Amino acid sequence: LVAPAANATTINVNTTDDTWGGTPATCSLREAITAANTDSTVDGCNQGSGADEIRLPAGTYKITIAGTGEDTNMTGDFDVRGAGALTIGPASENAKVKIDGNGLDRVFDQATTGAFSLRDLWITGGDLAGQIADGGAIINTTGALSVDSSTVSGNRSDFEGGGIAVYSSMTMINSTISGNRANGNGGGLYLPGGATATVRSSTIAENVADADGNGNGGGGGFADAVA
């Protein structure tokens, strides 16, 4: 495991349930992200402060609170909005952690001024069916995204980026993007003009663009709007 940054606050999640408020003995992933976003105490999660690291015990963290179109992290996808850096990863070296969009929404929506890092995770089940939105698993709108030793698979978008849509910047290392689908461009990874991505020691395979077959999409693995 990568050691937390100096002066980072650790927020320990203790339930795989997708909960919001009303359970002061528990800290869910959703609540932990909000604690980090707001530098405050949320339900059973300790107060975030500046750079934060959220640690997840082994298990499947499935989105069950339905809702789209809001950015307060109360429903649907996990909205990452903090000013400080945030890292999400397993609580221990051998912990297997899956974060599942459960077909309700994308998984992570990043619009930060700080860096956002995902480490040793399996991110799946993101689905933007019927939404005018990009990035079935992750959308990086602002800030720097880091994906390390993780798998992004089984996600889809009716528009661009079945797996990840990068509008700002991303670094990926030792990771896999596979089995994602977009009706538009970039079945696995989509970058519009002005975005940057560095991908090292990673696999991008078996992703599908133009999944609806209407001829308005390309780049099954990767689509760069500048190219």
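Report follows, based on the coordinates. Here, residues in each chain are numbered from 1, in the same order as that chain's written sequence. Local features are withheld for residues below a pLDDT of 70 in this predicted model, meaning they are given only at 70 or higher, and side-chain atom pairs are given and counted only at 80 or more; totals for whole chains, interfaces and linings count all residues. Where side-chain values are given, they derive from all heavy atoms of the structure, hydrogens and water being excluded.

Details of the packing of aromatic side chains
A pair of aromatic rings is counted whenever rings of Phe, Tyr or Trp (Trp by its six-membered ring) have centres within 6.5 Å, and the orientation is called stacked for planes under 30 degrees apart, edge-to-face for over 60 and tilted otherwise. Scanning all chains against the criterion turns up two aromatic pairs. With 5.6 Å between their ring centres and 65° between their planes, F108 and F116 make a pair best called edge-to-face. Residues F108 and F116 agree in their burial class; the two are buried. In this structure an aromatic cluster arises from ring pairing among F78, F108 and F116. Working definition: with a 1.4 Å probe on protein chains only, accessible area under 20% of the residue-type maximum means buried, over 50% means exposed, and in between means partly exposed.

Remarks on the nonpolar core
We call a set of buried Ala, Val, Leu, Ile, Met, Phe, Trp, Tyr and Cys residues a nonpolar core when their side-chain atoms join them within 4.5 Å. I54, L56, I88, I99, F108 and I164 are the most contacted members of the largest nonpolar core, which totals 39 residues. Runs of E in the DSSP output that reach at least two residues are strands. Runs of H or I that reach at least four are helices, and both are numbered from the N terminus. For this core, the leading source of residues is helix α1 (residues 29-38), giving five residues. Throughout, a contact is declared for two residues whenever any of their heavy atoms are within 4.5 Å. Look past the residues within four positions of I99 in its chain and what remains in contact with it is L29, L56, Y61, F78, V107, F108, L121, W122, I123 and T124.

A short note on the sheet that holds strand β16 (residues 176-178)
Picture the strands of a sheet paired through backbone hydrogen bonds; they go either parallel or antiparallel. Strand pairing is assigned whenever DSSP identifies at least 2 bridges connecting the two strands. Taken in spatial order, the six strands line up as β3-β6-β9-β12-β16-β20 in an open sheet, and their pairing is parallel. At either end of the open sheet lies a strand with only one pairing partner, and these are β3 (59-62) and β20 (203-205). Pairwise comparison of adjacent strand axes, ignoring direction, gives a mean angle of 10° for this sheet. To obtain an axis, a line is fitted to C-alpha atoms, over the contacting stretch when the element is a helix, and the angle between two such axes runs from 0 to 180 degrees between their N-to-C directions.

A look at the state of the cysteines
Here a disulfide denotes a covalent bond joining the sulfur atom of one cysteine to the sulfur atom of another. Defined by distance alone, a disulfide is two cysteine sulfur atoms within 2.5 Å. One pass over the structure, following the stated rule, counts one disulfide. Through a disulfide, C27 is tied to C45; the S-S separation comes to 1.9 Å. Note on the C27 and C45 pair: the S-S dihedral is about 100°, so by sign convention the disulfide is right-handed. Of this pair, C27 sits in the loop between β1 (9-12) and α1 while C45 sits in the loop between α1 and β2 (52-56), and the two are 18 residues apart along the sequence. The same class applies to C27 as to C45, namely buried.

Purely geometric numbers; function is a separate question.
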